[in-house]
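Descriptive analysis of the structure
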Amino acid sequence: QVQLVESGGGLVQAGGSLRLSCAAASGRTLSSYTMGWFRLAPGKAREFVSAISRIDNNAYYAESVKGRFTISRDNAKNTVDLRMNNLKPEDTAVYYCAAGTRGRSYYSARVRDAYDYWGQGTQVTVSS
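Note that the structure is a prediction, hence the values are computed from the model and not measured.

What follows covers the sheet that holds strand E8 (residues 79–84). A sheet is described by the order of its strands in space; here four strands give the open sequence E1-E3-E8-E7, paired in antiparallel fashion. Only two strands of the sheet have a single partner each, and these edge strands are strand E1 (4–7) and strand E7 (69–74). Across this sheet, the average inter-strand angle for adjacent strands is 15°, counted without regard to direction. Inspection of the sheet shows E7 paired to E8 by six bridges, in the antiparallel sense. From the neighbouring strand, phenylalanine 69 faces E8, where its bridge partner is methionine 84.

The next point concerns the state of the cysteines. A complete count under the given rule lists one disulfide for this structure. Shown here is the disulfide that connects cysteine 22 with cysteine 97, its sulfur atoms set 2.0 Å apart. Because the torsion about its S-S bond is 50°, the bridge between cysteine 22 and cysteine 97 counts as right-handed. Taken together, the residues cysteine 22 in strand E3 (residues 18–24) and cysteine 97 in strand E9 (residues 93–100) connect sequence positions 75 residues apart.

Along the chain, serine 72 falls in strand E7. Residue class for serine 72 comes out buried when judged on its relative accessible area of 19%. Once you skip the residues sitting within four places of it in the chain, serine 72 turns out to touch Ile52, Thr79, Val80, Asp81 and Arg83.

Before going further, it helps to examine the pairing of E3. The buried fraction of E3 amounts to five of the seven residues, a majority that puts the element mostly inside the structure. Pairing of E1 with E3, which is carried by four bridges, proceeds in the antiparallel orientation. Bridging across to E3, serine 7 finds its partner in serine 21. Both E3 and E8 contribute to a ladder of six bridges, which runs antiparallel. Within E8, the residue paired with leucine 20 across the bridge is leucine 82.

About the criteria used
- Residues numbered from 1 in each chain as written.
- Predicted model: local features only at pLDDT ≥ 70, side-chain atom pairs only at ≥ 80, totals over all residues.
- Heavy atoms only, no water.
- Pairing = 2+ DSSP bridges.
- Helix = DSSP H or I, 4+ residues; strand = E, 2+ residues; numbered from the N terminus.
- Axes fitted to C-alpha atoms, helices over the stretch in contact; angles between N-to-C directions.
- Disulfide = S-S within 2.5 Å.
- Buried < 20%, exposed > 50% of the residue type's maximum accessible area, 1.4 Å probe, protein only.
- Contact = heavy atoms within 4.5 Å.

Right, here's the structure in full:
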């Protein structure tokens, strides 16, 4: 199994920024996987946020975060980062990173079933 751990969450005011990071505690090389970010807000279903595909490194974003969030790989550190700018209260959620091998296109990478391994999440709270 791939053991993933998220970090970088916290409390920020609306309009502020945070950078989340996903690392492989298991020692696996994350560049081998399509990496996704999902979030779960209280009373709502888990939703896709962003992904970066394996091999070709295409970046995908949910419409609600496009232009504000940026996903990237830092292969030297073996991490996948999610830079979040202009945060809004509706971004408040627990953010989870995930790794999988089946999703490479936009349509497949945004589907939860494309991922095999999940972190335990990091809390992001945006105050108004």
